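An overview of the molecular structure
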Amino acid sequence: MAPRKTTPVKAAKANNVPPCPRCQGTGWVTESVYAGRTRREVGEMDAICSRCMSTGIDPTPDRY
């Protein structure tokens, strides 16, 4: 039987480390999508959190 996978939020809570402040521990954020010459906002899309790289754990808890 394959081992169970844990989500980043559960892993962060189990290790008592603070979750990433940008994505709140989910590993996903929404990014704005721009189009046109005037760069107007046309929508949003999901993206991987660039701060924690989708782990959900704050990489530098003592810095901020």
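Look up a bit, the structure's there.
Residues numbered from 1 in each chain as written. Predicted model: local features only at pLDDT ≥ 70, side-chain atom pairs only at ≥ 80, totals over all residues. Heavy atoms only, no water.

1. Points about the overall build of the protein chain
The secondary structure content of the protein chain amounts to one helix and two strands. Starting at the N terminus and ending at the C terminus, the protein chain contains elements arranged as α-β-β. Expressed as a percentage of contacts within the protein chain between residues at least 6 apart in sequence, the contacts between residues at least 24 apart total 37%. Working note: accessible area of the protein chain is about 5300 Å², and carbon and sulfur atoms make up 54% of it. (Helix = DSSP H or I, 4+ residues; strand = E, 2+ residues; numbered from the N terminus. Contact = heavy atoms within 4.5 Å. Areas by Shrake-Rupley, 256 points an atom, 1.4 Å probe, with all protein chains shown as cover.)

2. Things to note about the nonpolar core
Within the largest apolar cluster, six residues are counted, these being Cys20, Cys23, Val29, Ala47, Cys49 and Cys52. Excluding residues that lie within four positions of it along the chain, cysteine 23 makes contacts with Trp28, Val29, Cys49 and Cys52. (Core = buried A, V, L, I, M, F, W, Y, C linked by side-chain atoms within 4.5 Å. Buried < 20%, exposed > 50% of the residue type's maximum accessible area, 1.4 Å probe, protein only.)

3. So, the side chain of aspartate 58
Relative to the assigned elements, aspartate 58 resides in the segment after strand S2 (40–48). Here arginine 51 takes part through its side chain, which lies 3.1 Å from a polar atom of the side chain of aspartate 58. Leaving out residues up to four positions away in the same chain, aspartate 58 has contacts with Pro18, Pro19, Cys20, Pro21 and Arg51. (Polar contact = N/O pair within 3.5 Å; in protein donor to acceptor, adjacent residues only side chain to side chain.)

4. Concerning the environment of threonine 30
Relative to the helices and strands, threonine 30 resides in strand S1 (residues 28–35). Here the alpha-carbon distance between threonine 30 and cysteine 49, two residues 19 residues apart in the chain, equals 8.8 Å. Excluding anything up to four places from it in sequence, threonine 30 contacts Glu44, Met45 and Asp46.

5. Examining the pattern of salt bridges
The tally for this structure, following the rule as stated, stands at two salt bridges. Its salt-bridge partner being glutamate 31, residue arginine 22 comes within 2.7 Å of it at the nearest N-O pair. When its relative accessible area of 37% is taken as the criterion, arginine 22 is described as partly exposed. Put simply, arginine 51 and aspartate 58 hold a salt bridge, and the shortest N to O gap is 3.1 Å. (Salt bridge = Lys/Arg side-chain N within 4 Å of Asp/Glu carboxyl O.)

6. Re the pairing of S2
One ladder, built from eight bridges, connects S1 with S2; its direction is antiparallel. Looking across to S2, one finds that tyrosine 34 is bridged to glutamate 41. The antiparallel hairpin formed by S1 and S2 contains four residues in its connecting segment, where glycine 36 sits at a positive phi of about 90 degrees. (Pairing = 2+ DSSP bridges.)

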